[in-house]
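Commentary on secondary and tertiary structure
Here's the letter readout for the chains.
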Amino acid sequence: STSRFMLACRVPYFATLFYGGFGDNLASDSVTLDCCDSEIFKLILNFVWEGEISFSEVDIHSLLDLLEAARFLCIDRLVEGIEDHLEIILDRKIIEIKDCLFAFDFVILNKFTKASRLLLTFIDQNLDAIETLPEFADLSETSIRNLLNFDERISTKFNLFTAFVNWIANNETVSEEVKTEMLQCFDLERFDRNDLVAVRESEMFDANQICDVLEKHMEKLQEEVKSKNKIVDETKSGIVVSNALVPPVFATKAWRLDQTHFVNKVEFTLDNSRYLYSYKVKAWDGMNWATIIECKEVEHTGKQVVHFERKKIETLHVTVTGSKKNDGPFLSYVLHPFSVSNFSASLI
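These figures come from a predicted structure and were not determined experimentally.

All of the buried residues in helix α12 (residues 176–183) are Val178, Lys179, Met182 and Leu183. Relative to the axis of α12, the buried residues are bounded by an arc of 135° and lie together on one face. Exposed and facing more than 90 degrees away from the buried side of α12 are Glu176 and Glu177. Looking at the buried side of α12, the elements it contacts are α10 (141–148) and α11 (157–169).

Here the focus is the side chain of Ser143. Residue placement: Ser143 occurs in helix α10. When near neighbours in sequence (up to four residues on either side) are disregarded, Ser143 contacts Phe104, Asp105 and Ile108.

The subject of this paragraph is the packing of helix α6 (residues 97–109) against helix α7 (residues 113–125). The N-to-C vectors of α6 and α7 enclose an angle of 145°; their axes lie 9 Å apart at closest approach. Once α6 is placed against α7, the crossing between them reads as left-handed. Judged by residue contacts, Cys100, Leu101, Ala103, Phe104, Val107 and Ile108 of α6 engage Ala115, Ser116, Leu119, Leu120, Phe122 and Ile123 from α7. Residue composition of the contact of α6 with α7, grouped by class: 11 nonpolar, one polar and no charged.

Moving on, we come to the nonpolar core. Nonpolar side chains in soluble globular proteins tend to end up buried together. Membership of the largest hydrophobic core comes to 74 residues, with the highest contact counts inside it found for Ile44, Leu78, Phe136, Phe161, Phe164, Phe186 and Phe205. No other element matches α11, which puts eight residues into this core. Ignoring anything within four residues of it in the chain, the contact list for Ile44 reads Leu66, Ala69, Leu73, Ile75 and Leu78.

This next bit is on the packing of helix α4 (residues 60–72) against α6. Packing of α4 against α6 brings their axes to within 10 Å, and their N-to-C directions diverge by 15°. In terms of their interaxial angle, α4 and α6 are classed as roughly parallel. As for how α4 packs across α6, the hand of that crossing is right-handed. Here α4 contributes Ile60, His61, Leu64, Asp65 and Glu68 to the contact with α6, which in turn contributes Asp99, Phe102, Ala103, Phe106 and Val107.

So, about unusual backbone geometry. For Cys74, which is not glycine, the phi dihedral falls at a positive 65°. Mapped onto the elements of the fold, Cys74 is located in the loop between α4 and α5 (76–91). Judged by relative accessible area, Cys74 falls into the partly exposed class, the value being 38%. Positive phi is not limited to glycine here, since Lys111 has a value of about 60°. For Lys111, the location among the structural elements is in the loop between α6 and α7.

Inspection of the secondary structure puts Thr291 in strand β3 (residues 289–295). Placed 25 residues apart in sequence, Thr291 and Leu316 show a C-alpha to C-alpha distance of 9.9 Å. Among residues more than four places away in sequence, those in contact with Thr291 are Val281 and Lys282.

Right, let's talk about the packing of aromatic side chains for a bit. Summed over the entire model, instances satisfying the criterion amount to eight aromatic pairs. Each ring, one from Tyr13 and one from Phe14, has its centre 5.4 Å from the other, and the planes form 80°; the classification is edge-to-face. Residue Phe14 is classed as buried on the basis of its relative accessible area, which comes to 2%. Three or more aromatic residues joined by ring pairs form one cluster here, namely Phe161, Phe164, Phe186, Phe191 and Phe205. A cation sits over an aromatic face here: Arg71 above Phe112, 3.7 Å from the ring centre. The ring of Phe262 is capped by Arg310, whose NZ or CZ atom sits 4.1 Å from the centre of that ring.

Let's shift gears to the pattern of salt bridges. Evaluated as defined, the whole model comprises seven salt bridges. The salt bridge involving Asp84 is made with Lys114; its shortest N-O contact spans 3.0 Å. Of the two residues, Asp84 is situated in helix α5 and Lys114 in helix α7; the sequence distance between them amounts to 30 residues. Relative accessible area serves as the criterion here: at 37%, Asp84 is assigned to the partly exposed category. In the salt-bridge network here, residues are joined through shared partners; they are Glu141, Arg145 and Glu181.

For Lys98, the location among the structural elements is in helix α6. As for Lys98 and Leu133, which are separated by 35 residues in sequence, their C-alpha atoms are 8.0 Å apart.

Thresholds, definitions, all that
- Numbers given to residues run from 1 along each chain, matching the order in which its sequence is written.
- Whole-chain, interface and lining totals are the exception, using all residues; otherwise, since this is a predicted model, local features are given only for residues with pLDDT of at least 70 and side-chain atom pairs are given and counted only at 80 or more.
- With hydrogens and water excluded, all non-hydrogen atoms of the structure serve as input to the side-chain values.
- Residue burial is assigned from relative accessible area. The probe radius is 1.4 Å, only protein chains are included, and a residue is buried under 20% of its type maximum, exposed over 50%, and partly exposed in between.
- Strands here are runs of E lasting at least two residues and helices are runs of H or I lasting at least four, both read from the DSSP assignment and numbered beginning at the N terminus.
- Starting at the helix axis, one direction is taken to each C-beta atom, and the arc is that of these directions.
- Residue contacts are defined here by distance: any two heavy atoms, one from each residue, within 4.5 Å place the two residues in contact.
- Think of each axis as a best-fit line through the C-alpha atoms, taken over the contacting stretch in the case of a helix, with angles from 0 to 180 degrees between the N-to-C directions.
- In a left-handed crossing the near helix is turned counterclockwise from the far helix by less than a right angle, and in a right-handed crossing that turn is clockwise.
- Note on residue classes: Ala, Val, Leu, Ile, Met, Phe, Trp, Tyr, Cys and Pro are nonpolar, Asp, Glu, Lys and Arg are charged, and everything else, Gly too, is polar.
- What is meant by a nonpolar core is a set of buried Ala, Val, Leu, Ile, Met, Phe, Trp, Tyr and Cys residues, joined one to another through side-chain atoms within 4.5 Å.
- Small angles under 35 degrees read as roughly parallel and large ones over 145 as roughly antiparallel, with 65 to 115 read as roughly perpendicular and the rest as oblique.
- Note on ring pairs: Phe, Tyr and Trp rings are taken, using the six-membered ring of Trp, and paired if centres are within 6.5 Å. Classes follow the plane angle, with under 30 degrees stacked, over 60 edge-to-face and the rest tilted.
- Put simply, a charge is over a ring when the Lys NZ or the Arg CZ is close to the ring centre, within 6 Å, and near the line of the ring normal, within 35 degrees.
- Whenever Lys or Arg places a side-chain nitrogen within 4 Å of a carboxyl oxygen from Asp or Glu, that contact is recorded as a salt bridge.

So, in structure tokens, the structure goes:
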């Protein structure tokens, strides 16, 4: 018949059923379908005859039933259209959050890959507003596992942890084995100090574990403070690299810090009051040299203080490029006695 032919042309399932290997086994012209109810099948028939379908009047529950039926009947175009529509209503936020959670459970349990990713992204982006809803507590264990292991997450680990705690509190039948497995998704060292206090109050982790992580945070903080305030003393960590006449650079002294530091201030003393100096201060960060400052004919000797934008520094060079007497002309290639002392580098 014409109807049978149209169904076979538009729906691969019916093509196989009517004209494939199963056609000879049909006892009558009637076919029983268990994949959907009559209302959903009417939507499919409209799509078959018209070649298009409108989802504007279809609620989320019917849309999901239609998605499942379309996949069962191998109508790939309809499956793609439903997923595209789902993406639109999520982007425009024209879906109730409780419906979103219901849909999330449905597509996860029925293994709709694209729809699962769309809903995971939406839930992750709105986790603060979603985690306290009663419908969130109704999510299946499988859905929570997918949320915990979502690799495109933008929500913080702490937000995810509080959501997990809320879900556990409303699902007391979850076994200790499953709970322990889920907790492995959380790395305590990725929580900041303030969040760890709340994590401890949840009693999800052993107190000793949390104390160990807090101790590491304190050690790191102490190192940061120590690095920020550290003054590197020349006599302890400085080394003289060269002190030879190499025109036009007359002489260089270098100080290698005990390790790489962030520095934005350098101090040193030029100790010959009879001369004016020109000098450069350069910094090595482990990969590149950068000139911090270049001074020509410094009008006074004594303490030199150089401020600059914060830089990661491993080695500092003070290079004298010329000198002259206070009462004489500048001598470009004459090395006069000089002394660079009291060198220090710090972060202020």
